[in-house]
Structures are given as structure tokens and as C-alpha cells.
Amino acid sequence: MKKFARIFIGSVVLIAASALLIHTVSALAAADETFGMRQYVDAKYRFSFWYPRASQVTVTTGRDRRSFPGGTNVKTLAVGEPGGISISVVASLQQMITDEPNGHASPIAQTKYFYDTASDRWMVAFPEGDGPFVGGGPRPADVSKRTIGGLPMLPSNARFDATIIPLSTTLFLVVKDGGGSGFTRQLANTVAPAGARVDPAALSAALKAEADAYGKQ
């Protein structure tokens, strides 16, 4: 009976050790596949992005109508330390957004995007600041660059790195930093609509690019 008990206990220990080893190997494999990145999913506004696992995401909400004229900043996600990346969720029933406050500091050109329902496309204008296009009429926006989730990455003239990503014609993300990040554009590239099917090869390449940029800063 004692011999049986010893065999039984030994089997249980072996099974537990094997399970722990499998879990550890699986965790290491998962970490390797994501290059140390973690996915954040916003259930309310239905989007996701990937960020360094070592960083924290801090969420604040509000009704800021000044920062992005034409829209209301209803939520901000801060990634990492102050001065790092922020993702602003901007709602606009007018189907427009401007990347800098009115009366902002020149010579930066203020960039304004709006959706033209007649032509069914995004348009861009430059209401304030210095530059060859400032004060001119609107023109079709460049939507050639897209995230891994297929969303347009609209360029911005805002200080440091900034990208405007329309989730719809009335909801935008503004991904920017305060000068303290070297992987802002790479993070912006990982934005996708919630539940979107993303090509595994494209996701892997995007996560590796983000990890490399993060590691160099």
C-alpha cells in the first residue's frame, strides 16, 4: 500500500512538473511571437493596438473641445511615462478633425481633415500656420498608407510624431507623442478595428518593427 502511495505521489509530481514546463514553454513561445508586445482592446470604441509589455496604459476621460477643433477628445490613453505616446479618441458629428488648437504656435501648419460625402473621400486643408498650402482650398487627402487593420493613417504637421486614424467618419484616433518616444508611428501602424482579421505576416512584421524601434530609444 505504501509502495502504491509513493508511486501515486511521484506520478502526480511528474504530471505537475510537466504541466508547468508546458505552460512555461508556451508562455515563452507566445512572448517570442509578439516580440514583447501586448494588445490593448478598447471595448467601448471598438479598436485595438499593440504596445510594449513593459509599459502601462493609463486611461483618462473628458470633454476637451479645444485640442482638436471640429471634434471632442472624449478619451486619452497614455502609454508609458509622461511625454511618451498618447492615443486620443476624438468624436466629431461634423465628420472633421484638426490636429492643432486654433491660434497654435507658428510656423507649424494646422492640418484639418473632413469627410466629403459628395465625393465619398477624405479631404485635407491647412487653415493656420506657415507653408505653401496654408490658406488654400481643400484637396483630396493622402490615404495610401494604412494600418495593419486597413485604417487610413493620415499625416499631421503637429509637433513631434502624430498620426490621425479615422475609425469611422465621426470617430478618430490621434496617435502622438510629446518628444519622448521613438516608436510612435510603429505603434500607430498596429491599430485595427475590434475583431478585424489581420494578416499574420503583416502583424508579425509590425510587432517586430515596433519592438526594434522601442529597443533603440
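Above: the structure in question.
Undergrad: What is the right way to read the packing of aromatic side chains from this model?
TA: One pair of aromatic rings is described through two measures. These are the centre distance and the angle between the planes. Scanning the entire structure with this criterion turns up 6 aromatic pairs. Relative to F49, the ring of Y40 lies with its centre 5.2 Å away and its plane at 25°, an arrangement referred to as stacked. Summarising the burial analysis for this pair, Y40 and F49 share the class buried. With centroids separated by 6.0 Å and ring planes inclined at 55°, the aromatic side chains of F49 and Y51 adopt a geometry described as tilted. Owing to a relative accessible area of 0%, F49 belongs among the buried residues under this scheme. One aromatic cluster is present, formed by Y40, F47, F49 and Y51 through successive ring pairs.

Undergrad: I tried to follow the sheet that holds strand β1 (residues 37–42) on my own but got confused; where do I start?
TA: Neighbouring strands of a sheet are bound in pairs by backbone hydrogen bonds; such pairs are parallel or else antiparallel. Pairing is antiparallel in the open sheet, where 3 strands are placed in the order β1-β2-β13. If you trace the sheet from one side to the other, it starts and ends with β1 and β13 (192–193), each paired once. Pairing between β1 and strand β2 (residues 47–52): 6 bridges, direction antiparallel. Each bridged residue has a counterpart across the sheet, and for V41 the counterpart in β2 is S48. The strands that helix α3 (residues 200–216) touches are β1 and β2; relative to β2, the one it contacts most, it runs at about 40°.

Analysis parameters
The written sequence of each chain sets the order in which its residues are numbered from 1. In keeping with the predicted nature of the model, local features appear solely for residues at pLDDT of at least 70, side-chain atom pairs appear and are counted solely at 80 or more, and the whole-chain, interface and lining totals rest on all residues. Side-chain calculation: all heavy atoms of the structure are included, whereas hydrogens and water are not. Note on aromatic contacts: the rings of Phe and Tyr and the six-membered ring of Trp form a pair at centre separations within 6.5 Å, being stacked when their planes are under 30 degrees apart, edge-to-face when over 60 apart, and tilted otherwise. Relative accessibility under 20% of the residue-type maximum defines a buried residue, over 50% an exposed one, and the middle range a partly exposed one, all with a 1.4 Å probe and only protein chains included. Paired strands, in this sense, are two strands between which DSSP finds at least two bridges. Only DSSP runs of H or I reaching four residues or more are called helices, and only runs of E reaching two or more are called strands; each is numbered from the N terminus. We call two residues in contact whenever any of their non-hydrogen atoms come within 4.5 Å of each other. Whenever a helix is involved, its axis is fitted only over the stretch in contact; in every case the axis is a line through C-alpha atoms, and angles between N-to-C directions fall within 0 to 180 degrees.

Purely geometric numbers; function is a separate question.
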